[in-house]
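Read off the chains here:
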Amino acid sequence: MKEAIIELKDLKKGYSGQVVLDISSLQIFAGERFGLVGNNGAGKTTLFSLVLDLIRASKGEVLSKGINVANTEEWKKYTSSFLDESFLIDFQTAEEYFEFVGKLHGWNRTDVQNFLKQFEDFFNGEVLDKKKYLRDFSKGNQKKVGIIAALIGHPEVVLLDEPFANLDPTTQMRLKNLIVEISKERTLLISSHDLAHVTDVCNRIVVLESGQVVKDLETSAETLKELEAHFSATL
């Protein structure tokens, strides 16, 4: 029997009387590559923010390993994320930022440097030893830093919002390979507008529409066509 590592129960979030997320029940299982797709305003970022306790639900709860994330910080020990560039410290260099994140997990400089060696191809010579602040990096290279920093400490659960955006085609391919590789040891939640990429890397995809789950698909050879047909019908 599959083990639910993240569970949403009677979850609602509203602003000024308008409900932006309404999910009665949703389980995300350990080891899944869980994809979340939907148009702008569908509730994807709201859902991720609730899972990370960045905002509080209007009703219901988010459980991580059976514990409400709003009532404890224990889940933070095994959960990591990169949602956008605001997660970075823009006046640090890439090396300084990686070391900062490493210290939060009890790693020293050597631990961090050894960890980063495995991502040299992904960095493609554009991140390390640049002697410039993160704020001066391109959006794509900022994203590379954020994604790899989210893996420091070997978290069990990783949330990535639009990980393929702003990356060049070669880096997108490298990221897809990386996602499949790292998922052997962890659960991944990936939000994306790119139907092809999310279908390539996720073994389950949920479609949000007006804050509600309208499709929950196990990925197959037909999934991309089904998603394209769904969104074409909304034109």
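Residues numbered from 1 in each chain as written. Predicted model: local features only at pLDDT ≥ 70, side-chain atom pairs only at ≥ 80, totals over all residues. Heavy atoms only, no water.

**A closer look at the packing of aromatic side chains**
One pass over the full model with this rule turns up five aromatic pairs. Aromatic pair Phe122 and Phe123: ring centres 6.3 Å apart, planes at 45°, arrangement tilted. Judged by its relative accessible area of 4%, Phe122 falls in the buried class. According to the relative accessible area criterion, Phe123 is buried, its value standing at 2%. Taken together, Phe98, Phe122 and Phe123 form an aromatic cluster joined through their ring pairs. Across the ring face of Tyr78, the terminal group of Lys65 is positioned such that the distance to the ring centre comes to 4.1 Å. (Phe/Tyr/Trp six-rings, centres within 6.5 Å; stacked < 30°, edge-to-face > 60°. Buried < 20%, exposed > 50% of the residue type's maximum accessible area, 1.4 Å probe, protein only. Lys NZ or Arg CZ within 6 Å of the ring centre and 35° of its normal.)

**Description of the sheet that holds strand β5 (residues 67-68)**
Taking strand neighbours across the sheet as the criterion, the four strands line up as β2-β1-β4-β5 in an open arrangement whose pairing is antiparallel. Bordering the open sheet on either side are β2 (18-29) and β5, each of which pairs with just one other strand. As judged from the five bridges shared by strand β1 (residues 4-15) and strand β4 (residues 59-64), these two strands associate in the antiparallel manner. Among the inter-strand pairings, Lys12 is bridged to a residue of β4, identified as Lys59. Along the sheet, helix α1 (residues 44-51) makes contact with β1, β2 and β4, crossing β1 at roughly 120°. (Pairing = 2+ DSSP bridges. Helix = DSSP H or I, 4+ residues; strand = E, 2+ residues; numbered from the N terminus. Contact = heavy atoms within 4.5 Å. Axes fitted to C-alpha atoms, helices over the stretch in contact; angles between N-to-C directions.)

Read these as spatial facts, not as claims about activity.
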